[in-house]
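Understanding the architecture of this molecule
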Amino acid sequence: MGLLTGLLGAPLAPVRAAVWVAQQLEEQAARVYYDPAPVRAALADLDRRLRAGEIDEAEFERLEAELLDRLDEIAAFHRGPSGAGEGEDHE
């Protein structure tokens, strides 16, 4: 980077830093939101609750459907817009 470019670009450094921080936060939020582990844990807990008699079959099926839809959403995210990628499930 030349001296003139450095001097002219210096006032934009705080903006670039703020944009970088925002991008990092967005990426971290996506990693957390699209992590299948908590959904799988919720499915296991749901099964445990059914077996313990805490919920009935109808409630189990309703909640299970929601969680499975969430796993489908996560799988689609990981496949990306082209529809192919790592961890592709059946469909």
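Our subject is the structure that appears above.
From a predicted model like this one, the values you see are computed outputs, not experimental measurements. (Residues numbered from 1 in each chain as written. Predicted model: local features only at pLDDT ≥ 70, side-chain atom pairs only at ≥ 80, totals over all residues. Heavy atoms only, no water.)

1. Considering the overall build of the protein
Our working definition: The numbering of helices and of strands both runs from the N terminus, where a helix is a DSSP run of H or I of at least 4 residues and a strand a run of E of at least 2. Three labels apply to residues, based on accessible area from a 1.4 Å probe with only protein chains included: buried if under 20% of the type maximum, exposed if over 50%, partly exposed otherwise in between. Calculation of accessible area relied on Shrake-Rupley with a 1.4 Å probe; when residues are assessed, cover is drawn exclusively from the protein chains displayed.
If you tally the helices and strands in the protein, you get four helices and zero strands. Helices and strands appear in the protein in the N-to-C order α-α-α-α. Taken over 91 residues, the protein has a buried fraction of 16%. Of the roughly 7000 Å² of accessible surface on the protein, 61% is carried by carbon and sulfur atoms.

2. Brief notes about the side chain of Arg-70
Filter applied, for reference: Contacts between residues were defined by any pair of non-hydrogen atoms, one from each residue, lying within 4.5 Å.
Among the structural elements, Arg-70 can be located in helix 4 (residues 57–79). Overall, the relative accessible area of 16% leaves Arg-70 in the buried class. Setting aside its immediate chain neighbours within four residues, Arg-70 contacts Tyr-33, Tyr-34 and Val-39.

3. Focus: a nonpolar patch on the surface
Rule in force here: Patch membership requires over 30% relative accessible area and the absence of a salt bridge. Like charges are linked within 9 Å, and nonpolar side chains (Val, Leu, Ile, Met, Phe, Trp, Tyr) within 5 Å. Should a side-chain nitrogen of Lys or Arg be within 4 Å of a carboxyl oxygen of Asp or Glu, the pair is scored as a salt bridge.
Judged by side-chain polarity, Leu-12, Val-15 and Val-19 come together as a nonpolar surface patch covering roughly 250 Å² of accessible area. Within the element layout of this structure, Val-19 appears in helix 2 (residues 13–33). For Val-19, a relative accessible area of 43% translates into the label partly exposed.

4. A few points about the packing of aromatic side chains
Spelled out, the test is: Any two of the Phe, Tyr and Trp rings considered here, Trp counted by its six-membered ring, make a pair once their centres fall within 6.5 Å; the pair's planes then place it as stacked at under 30 degrees, edge-to-face at over 60, or tilted in between. Any Lys NZ or Arg CZ found within 6 Å of a ring centre and within 35 degrees of that ring's normal is scored as a charge over the ring.
Inspection of every chain in the model, using the stated rule, returns two aromatic pairs. Aromatic pair Tyr-33 and Tyr-34: ring centres 4.8 Å apart, planes at 90 degrees, arrangement edge-to-face. A relative accessible area of 44% places Tyr-33 in the partly exposed class. Judged by its relative accessible area of 19%, Tyr-34 falls in the buried class. In textbook terms, an aromatic cluster arises when at least three aromatic residues are bridged by ring pairs, as seen for Tyr-33, Tyr-34 and Phe-77. Its end group placed over the ring of Tyr-33, Arg-70 keeps NZ or CZ at 3.9 Å from the ring centre.

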